[in-house]
Protein chains: 2
Amino acid sequence: MADAWLDGSAWARAALETPVVLVDVDRVDANISRMATFMRQRGVALRPHAKTHKSLAVARRQLAAGAVGLTVATVGEAEVFAAGGIEDLFIAYPVIAVGARSERLRRLASTCRLSVGVDSITGVEALAAAFRGATPARVLIEIDSGGARSGVLPEMAGTLAGQAAVLGLDVAGVFTHAGQGYADPARRAAAADEEVDGLARAAEAMRTAGIEPTIISAGSTPTAVLSARDPVTEERPGTYVYGDRQQTVLAGEPAGVDASVALVVAATVVSHGARGGFLVDAGAKILTKDVAPYLAGHGVVLGYPDAVLTRVNDHHGIAEIPAGATRPAIGEIVLIVPNHVCPVVNLVDELVVVSGGRVVDRWPVDARGRNS
Amino acid sequence: MADAWLDGSAWARAALETPVVLVDVDRVDANISRMATFMRQRGVALRPHAKTHKSLAVARRQLAAGAVGLTVATVGEAEVFAAGGIEDLFIAYPVIAVGARSERLRRLASTCRLSVGVDSITGVEALAAAFRGATPARVLIEIDSGGARSGVLPEMAGTLAGQAAVLGLDVAGVFTHAGQGYADPARRAAAADEEVDGLARAAEAMRTAGIEPTIISAGSTPTAVLSARDPVTEERPGTYVYGDRQQTVLAGEPAGVDASVALVVAATVVSHGARGGFLVDAGAKILTKDVAPYLAGHGVVLGYPDAVLTRVNDHHGIAEIPAGATRPAIGEIVLIVPNHVCPVVNLVDELVVVSGGRVVDRWPVDARGRNS
């Protein structure tokens, strides 16, 4: 199935101006449908994280397949999706509502159903001040379920929720991201258990504080299908929509490529260098330098399984290949599965969309660079 | 001097919508002037690499200070600078002139003084075909002077130059990039020597083949001031214009910050997490994951010398700080010197320009994302 990408003649590879990001819309739709069906069968709401794709075209496909709304990481992303007609948005981030951001949040909350994350008293107080006298956003308390990132300890969720309620905020529930599920393929199942356990303890702490959580939200592609169980009411995976080498390896495929990989970087071989191997025109400004500890090199070069992209400079990808192995010719266009797709998409303004062997569309990355 | 960035009141830090990239125009001008003066005194032409800044505003300052033209990495960057009125451009890259790229190169060569790199017979043949019957670009042979990236061995420069001349190309000289100068602070002087030595041998090989090189071009910020000597005629540093932590450490300042650092990322502290330390809203989508082996963490947090940005996720920077050390308050805006500035600039559409304590301008990153 991975070989479907290799039929170069089918979509006129030679006409591509490399480096360029290609998306297979049929694989995207299959990924969207599979996750939506799974969550529907489990009775768990699906709120995909849009920071992966940042595209209205993809968001609409996710909603059409049954997603209850979108997750975003920043106020700027929320503004782009709200302007594009998405009606239910959750900023799954400890939002600090100060300065111009307060006004932007108030405006958002008046144009869509907005929820925001919070994990500190300072954050609660700023949100309360920002929404005083205005249409309020819903608030979800972020907990740390083992990811060692933002979020309070589960037992603190009740205290924080209580403070938020006292200050007039509409506290809807609790959320977490089990980032530890990315640490190592062997950690995935345990990470999902920690996610469920942390959320259960946080929900209980909220009930003890007199607040019934209506949303208990977990989120990460590695753990989504494993933690979609009681008491979790919502999952927020993002990367599943395009897939990447990291997700494929975490899911148990060491080659880092399978039929879920819906996005590749097309690159031209520009040099054979002076010391063996080959160089492509895809460097860190399109592949990024994202390399999980369990991956070797900066991506998988399809059709050249022995090649390792050992280094990336800004505009050079430098591949080593064992002596005797066939290397691609200078001028050949190769396809590379990136290690981590989210920052790759954020580097380009549009994606070239292919289907059934042809270029069929271009999707703008509408929220590219909307970091703030 | 580094502390000039810390006077928050002066440029109304609180009004910034973080994360955002700030540039101190006075420091930029000092960096431009210092490099230009040095090269003028050495009698070496300066052709700054514009892939660092990708901005016409900066390019014009470099030319006004005496640069002979610009270096770029891609045809797309060349198009942006040519459209902005820059008249002399060198694509210091092994350009493969096939498909639409041929037509784009022909158009460029008819609107500016264009030079391109080449390091293979395939590349030479494609360039010869692309420019047949059209205004030709000048061609420079790329050699590998120890960087183990693109480029032929110095001794092969004569053969390749000869082939190019036979096919009707205007062979102007030879160029290299001593990427090994980035490997380790102790390698810098040796890398410059290797650069000069490789170029000298390549120039000699060209003369033996009957072609007199008029341009002998070296290029990298760590080696520029060390390799600007006979027979080098031109230097192509890029990063010097903004500076970054990596350059500062390579130049012998272990703290990674000095008065040459003209660009920082302003970020808001959004959380104290549940396990100590603090989190900022600058993650890999603005700081990147670029970490040289001799650097600890993902940037220097000014004013918090004990903090280490141990991890960056897409939108989270996670800092550890020793027990007992003061951590910034939630809501505080901190300034971060990035490890490597080039990919940071390529993530944002514009820079906020400060001078003498005020926001004075915004510079668009005109060639952002022009990878192809």
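Here goes a summary of the coordinates provided. Quantities reported herein were computed from a predicted structural model and do not represent experimental measurements.

## Topic: the overall build of chain A
Here's step 1: Regarding its fold elements, chain A presents 11 helices and 17 strands.
Here's step 2: Taken over C-alpha atoms, the radius of gyration comes to 22 Å for chain A, in line with the 21 Å a tight globule of 372 residues would show.
Here's step 3: For chain A, buried positions account for 62% of its 372 residues.
Here's step 4: Across chain A, the fraction of contacts at a sequence separation of at least 24, relative to all contacts at a separation of at least 6, is 67%.
Here's step 5: Carbon and sulfur atoms make up 52% of the accessible area of chain A, which amounts to about 12400 Å² in all.
Here's step 6: Computed over 34 positive and 40 negative side-chain charges, the inter-centroid distance for chain A is 3 Å.

## A short note on the pattern of salt bridges
Here's step 1: Counted by the stated rule, this structure contains 48 salt bridges over all chains.
Here's step 2: Each of E17 of chain A together with E79, R104 and R370 of chain B takes part in one network of salt bridges that share partners.

## Focus: the relation of the copies chain A and chain B
Here's step 1: Structural alignment of chain A on chain B gives an RMSD of 0.0 Å, achieved by rotating through 180 degrees and translating 0.0 Å along the axis. Considering both components of the superposition, the chain copies are consistent with a two-fold axis. For chain A, the smallest separation between a C-alpha atom and the rotation axis is recorded for K289 of chain A, amounting to 2.8 Å.
Here's step 2: Interface overlap between copies is the fraction of interface residues in one copy that are interface residues in the other; for chain A against chain B it reaches 100%, indicating a shared surface.

## Considerations on the sheet that holds strand β4 (residues 88–94) of chain B
All names here are of chain B.
Here's step 1: Taken in spatial order, the 8 strands of this open sheet run β2-β9-β8-β7-β6-β5-β4-β3, and their pairing is parallel. The open sheet terminates on both sides in strands that have one partner only, identified here as β2 (45–46) and β3 (70–72).
Here's step 2: In this sheet, strand β9 (residues 234–235) lies alongside β2 in parallel orientation, the contact comprising 2 bridges. Bridged to A45 within β9 is E234.

## Some thoughts on unusual backbone geometry
Residues other than glycine predominantly adopt negative phi, and peptide bonds predominantly adopt the trans conformation.
All names here are of chain A.
Here's step 1: For the peptide bond that leads from T18 to P19, omega is -5 degrees, which places it in the cis range.
Here's step 2: Here P19 is to be found in the segment before β1 (20–24).
Here's step 3: Positive phi outside glycine occurs at K54, with the angle close to 55 degrees.
Here's step 4: As for its placement among the helices and strands, K54 is situated in the loop between β2 (45–46) and α2 (56–64).

## Thoughts on the interface of chain A and chain B
Here's step 1: Contact with chain A, which involves 59 residues of that partner, is made by 59 residues of chain B.
Here's step 2: Where chain A abuts chain B, roughly 4900 Å² becomes buried across the two surfaces, and 49% of that area is made up of carbon and sulfur atoms.
Here's step 3: Here chain A is connected to chain B by 12 salt bridges.
Here's step 4: In this structure, K51 of chain A engages D314 of chain B in a salt bridge whose closest nitrogen and oxygen atoms are separated by 2.7 Å.
Here's step 5: In this structure, the connection of chain A to chain B is made through 32 residue pairs in polar contact (both at pLDDT 80 or more).
Here's step 6: Contributing elements (two or more residues each) for the side of chain A that touches chain B: β4 (88–94), α4 (100–111), β10 (263–271), β11 (278–280), α10 (284–287) and α11 (341–345) of chain A.

## Let's talk about helix α7 (residues 188–208) of chain B
Residues and elements named next belong to chain B.
Here's step 1: In this model α7 runs 30 Å from its N-terminal to its C-terminal C-alpha over 21 residues, within 8% of the 30 Å that 1.5 Å per residue would give.
Here's step 2: The set of residues buried in α7 consists of A191, A192, E195, V196, G198, L199, A202, A203, A205 and M206.
Here's step 3: Against α6 (157–166), β7 (170–175), β8 (215–218) and α8 (224–227) lie the buried residues of α7.
Here's step 4: Looking one or two places after α7, you find G210, whose phi comes out positive at around 90 degrees.

## Section: the sheet that holds strand β5 (residues 113–118) of chain A
All names here are of chain A.
Here's step 1: Taken in spatial order, the 8 strands of this open sheet run β2-β9-β8-β7-β6-β5-β4-β3, and their pairing is parallel. The open sheet has two edge strands with one neighbour each: β2 and β3 (70–72).
Here's step 2: Relative to β5, β4 runs parallel, the two being bridged by 5 bridges. The partner of F90 across the bridge, within β5, is S115.

## Here we look at the packing of aromatic side chains
All names here are of chain A.
Here's step 1: With the rule as written, the count across this model stands at 4 aromatic pairs over all chains.
Here's step 2: Measuring from centroid to centroid gives 5.0 Å for F90 and F175, while their planes differ by 85 degrees, and the two rings are edge-to-face. A residue pair is termed long-range when its members are at least 10 positions apart, and F90 in strand β4 and F175 in strand β7 (residues 170–175) qualify at 85 residues. Both residues of the pair, F90 and F175, count as buried.

## Some words on the packing of helix α1 (residues 25–42) of chain A against α2 of chain A
Residues and elements named next belong to chain A.
Here's step 1: Relative to each other, α1 and α2 sit at 40 degrees, their axes nearing to 10 Å. Looking at the two axes, α1 sits oblique to α2. As α1 packs across α2, the resulting crossing turns out to be right-handed. For the pair α1 and α2, contact is made by V25, D29 and I32 and by V58, R61 and Q62, respectively.
Here's step 2: Looking at the contact of α1 with α2 residue by residue, the class counts come to 3 nonpolar, 1 polar and 2 charged.

## Topic: the pairing of β7 of chain B
All names here are of chain B.
Here's step 1: Most of β7 is tucked away: 5 of the 6 residues are buried.
Here's step 2: Assessed by its sense of winding, the connection that carries the chain from strand β6 (residues 138–142) through α6 to β7 is right-handed.
Here's step 3: One ladder, built from 3 bridges, connects β7 with β8; its direction is parallel. Within β8, the position partnered with V174 by the bridge is I216.
Here's step 4: Considered for its hand, the β-α-β crossover made up of β7, α7 and β8 is right-handed.

Conventions used here
Residues numbered from 1 in each chain as written. Chains lettered and ligands numbered in written order. Predicted model: local features only at pLDDT ≥ 70, side-chain atom pairs only at ≥ 80, totals over all residues. Heavy atoms only, no water. Helix = DSSP H or I, 4+ residues; strand = E, 2+ residues; numbered from the N terminus. Rg over C-alpha atoms; globule rule 2.2 N^0.38 Å. Buried < 20%, exposed > 50% of the residue type's maximum accessible area, 1.4 Å probe, protein only. Contact = heavy atoms within 4.5 Å. Areas by Shrake-Rupley, 256 points an atom, 1.4 Å probe, with all protein chains shown as cover. Lys, Arg positive; Asp, Glu negative; His and termini not counted. Charge placed at Lys NZ, Arg CZ, Asp CG, Glu CD. Salt bridge = Lys/Arg side-chain N within 4 Å of Asp/Glu carboxyl O. Least-squares fit on C-alpha atoms with pLDDT ≥ 70 in both. Pairing = 2+ DSSP bridges. Buried area = accessible area lost by both parts, 1.4 Å probe. Polar contact = N/O pair within 3.5 Å; in protein donor to acceptor, adjacent residues only side chain to side chain. Expected span 1.5 Å × (residues − 1). Phe/Tyr/Trp six-rings, centres within 6.5 Å; stacked < 30°, edge-to-face > 60°. Axes fitted to C-alpha atoms, helices over the stretch in contact; angles between N-to-C directions. Parallel < 35°, antiparallel > 145°, perpendicular 65-115°, else oblique. Left-handed = near helix turned anticlockwise from the far one by under 90°. Nonpolar A, V, L, I, M, F, W, Y, C, P; charged D, E, K, R; others polar. Right-handed = clockwise from strand over helix to strand, strands pointing away.

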